[in-house]
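Inside the fold
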Amino acid sequence: MDSGALFSLDGRVAFVSGGAGAIGSAIAQALAAAGARVAIADVSADRAEATAAKVAAAGYEAIATPADVTSPAEAQRAVAAAVERFGRLDIVVNAVGGGAGKVLFSAEDYPRDAWDWIMELNLRSTVVATQAAVRPMIAAGRGGRVLNISSVRAQLGINSGYSAYVAAKGAVSSLTRQWATEWAKYRITVNAIAPTFVDTPQVAMLLGDPEFKAGVVARIPLGRVGETGDLTGAAVFFTSDASAFVTGQILTIDGGLTATQ
Ligand SMILES: NC(=O)c1ccc[n+]([C@@H]2O[C@H](COP(=O)([O-])OP(=O)(O)OC[C@H]3O[C@@H](n4cnc5c(N)ncnc54)[C@H](O)[C@@H]3O)[C@@H](O)[C@H]2O)c1
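Predicted, not measured: the structure shown is a model, and the values here were computed from it.

Digging into the overall build of the protein
Looking only at helices and strands, one finds 9 helices and 7 strands in the protein. By the compact-globule yardstick of 18 Å for 261 residues, the protein fits well, its C-alpha radius of gyration being 18 Å. With the C-alpha coordinates of the protein rotated into their principal frame, the extents come out at 50 × 40 × 40 Å. Buried positions account for 49% of the 261 residues belonging to the protein. For the protein, the share of sequence-separated contacts (at least 6 apart) that also reach a separation of at least 24 residues comes to 74%.

Considering the environment of Arg-219
Counting through the fold element by element, Arg-219 comes out in the loop between helix H8 (210-218) and helix H9 (229-239). You can call Arg-219 partly exposed: its relative accessible area is 43%. In contact with Arg-219, not counting residues within four places along its chain, are Leu-257 and Thr-260.

Here's the deal with the packing of helix H4 (residues 72-86) against helix H5 (residues 112-140)
How two helices sit against one another is set out by the angle between their axes and by the gap between those axes. Contact geometry for H4 and H5: axes closest at 9 Å, N-to-C directions at 40°. The angle between H4 and H5 places the two elements in the oblique class. Between H4 and H5 the crossing geometry is right-handed. Contacts from Pro-72, Ala-75, Gln-76 and Val-79 of H4 reach H5 at Val-128, Ala-129, Ala-132, Ala-133, Arg-135 and Pro-136. Considering only residue class, the contact of H4 with H5 consists of 8 nonpolar, 1 polar and 1 charged.

Quick look at the site of the ligand
The environment of the ligand is formed by 29 residues, the closest being Asp-42, Arg-47, Tyr-165, Lys-169 and Val-198. Between an oxygen atom of the ligand and a main-chain N or O atom of Ala-22, the distance comes to 2.9 Å. Burial of the ligand by the protein amounts to 90% of the accessible area it has alone, namely 830 Å². Of all the secondary structure elements, the ones that give two or more residues to the shell around the ligand are helix H2 (22-33), H5 and helix H6 (163-183). Each residue belonging to the shell around the ligand can be placed in one class, and the counts come to 15 nonpolar, 10 polar and 4 charged.

A short note on the side chain of Asp-90
Tracing the chain through its elements places Asp-90 in the loop between H4 and strand S4 (91-94). Classification of Asp-90 by relative accessible area gives buried; the value is 5%. Here the side chain of Asp-90 touches Val-13 through a polar contact of 2.7 Å, landing on its backbone nitrogen. The contact partners of Asp-90, leaving out residues within four places of it in the chain, are Gly-11, Arg-12, Val-13, Met-137, Arg-142, Gly-144 and Arg-145.

A word on the sheet that holds strand S1 (residues 13-17)
Within the open sheet, the 7 strands sit side by side as S3-S2-S1-S4-S5-S6-S7. Their pairing is parallel. Only two strands of the sheet have a single neighbouring strand rather than two, namely strand S3 (62-64) and strand S7 (250-253). Taking each pair of neighbouring strands and ignoring which way they run, the sheet shows an average axis angle of 15°. Helix H3 (residues 45-57) contacts strand S2 (37-41) and S3 of the sheet and is inclined by roughly 170° relative to S3. The strands touched by H4 within the sheet are S1, S2 and S3, with S3 carrying the most contacts at an inclination of about 150°.

Notes on the packing of H2 against H9
As a packed pair, H2 and H9 sit with axes 9 Å apart at the nearest point and diverge in direction by 55°. With respect to H9, the axis of H2 lies oblique. Our pair here, H2 against H9, has a crossing hand that is right-handed. Residues Ile-23, Ala-26, Ile-27, Ala-30 and Leu-31 of H2 lie in contact with H9, whose contacting residues are Leu-231, Thr-232, Ala-235, Val-236 and Thr-239. Looking at the contact of H2 with H9, its residues break down into 8 nonpolar, 2 polar and no charged.

Observations regarding H5
Taking 1.5 Å as the rise per residue, H5 with 29 residues should run 42 Å; its terminal C-alpha atoms sit 40 Å apart, in good agreement. At Glu-120, H5 shows its maximal kink, close to 40°. Looking one or two residues beyond H5, the residue adopting positive phi is Gly-141, at roughly 70°.

Procedures and definitions
Residues numbered from 1 in each chain as written. Predicted model: local features only at pLDDT ≥ 70, side-chain atom pairs only at ≥ 80, totals over all residues. Heavy atoms only, no water. Helix = DSSP H or I, 4+ residues; strand = E, 2+ residues; numbered from the N terminus. Rg over C-alpha atoms; globule rule 2.2 N^0.38 Å. Buried < 20%, exposed > 50% of the residue type's maximum accessible area, 1.4 Å probe, protein only. Contact = heavy atoms within 4.5 Å. Axes fitted to C-alpha atoms, helices over the stretch in contact; angles between N-to-C directions. Parallel < 35°, antiparallel > 145°, perpendicular 65-115°, else oblique. Left-handed = near helix turned anticlockwise from the far one by under 90°. Nonpolar A, V, L, I, M, F, W, Y, C, P; charged D, E, K, R; others polar. Near = heavy atom within 4 Å. Polar contact = N/O pair within 3.5 Å; in protein donor to acceptor, adjacent residues only side chain to side chain. Areas by Shrake-Rupley, 256 points an atom, 1.4 Å probe, with all protein chains shown as cover. Pairing = 2+ DSSP bridges. Expected span 1.5 Å × (residues − 1). Bend = angle between axes of the 7 residues up to and from the residue.

Without other data, these values stay purely geometric and don't point to any function.
In structure tokens form, the structure reads like this:
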């Protein structure tokens, strides 16, 4: 197989949960450019439509499948709409999450309502969307790909009030290994990418503080924070035939940050 074919997603259908977000939309566009037809699932119907239109304007096939993916019924409806439109489902990307910068509390006082919100946004969204997407993959018997978005925070503490987020991302990383183990028998691989700070609206406030940003950048050997485009190559790798024998892995995309720890 030539290297182009290895990374080709021709004929594949991808369900990108959080596909209207900064990272989700970058990944959706990259998967479409690699040949996939994509369903943009997002709680914001307007931004899901706009993202699908952007992918279509680039010459690829995309639909918006608006859903709150913390609701099993809504996630299943969105997956069913993708399968109905495209006839199959091969890939689910879980790009719903974040929120950490909005609820910074010291570990000893971390409040329950903020904790529950971060867990819903980062962990339940991943579990519910994955369950909805994997069932038709299992039924079709063609294998599949699950790509989670964890964070270097699953591995590294940070002295900034991130308790709930690190717990949620730790769980996402653990589930990546657990699902890889359980679903290997269906030839469904499960991997995750774990970025450090990526320049997106989610972290704009934190990175807008020059002292904070300088501290972050000083610890990253490549000397900058990430861009959404830094994540898309790995997303294509993990969702294509190139990664057929890779499962249960968490790839840090962090400019070398974790190499220094
Ligand atoms: N931005 C970073 O620095 C960074 C770093 C490491 C990991 N991550 C992770 O990457 C993922 C994406 O982050 P982002 O920066 O693109 O965030 P984002 O807020 O731009 O995108 C998240 C998207 O999810 C959607 N969403 C929220 N709740 C939803 C729900 N219940 N159902 C459906 N859609 C919902 C939002 O509308 C939004 O479009 C998150 O898991 C985040 O934790 C981000």
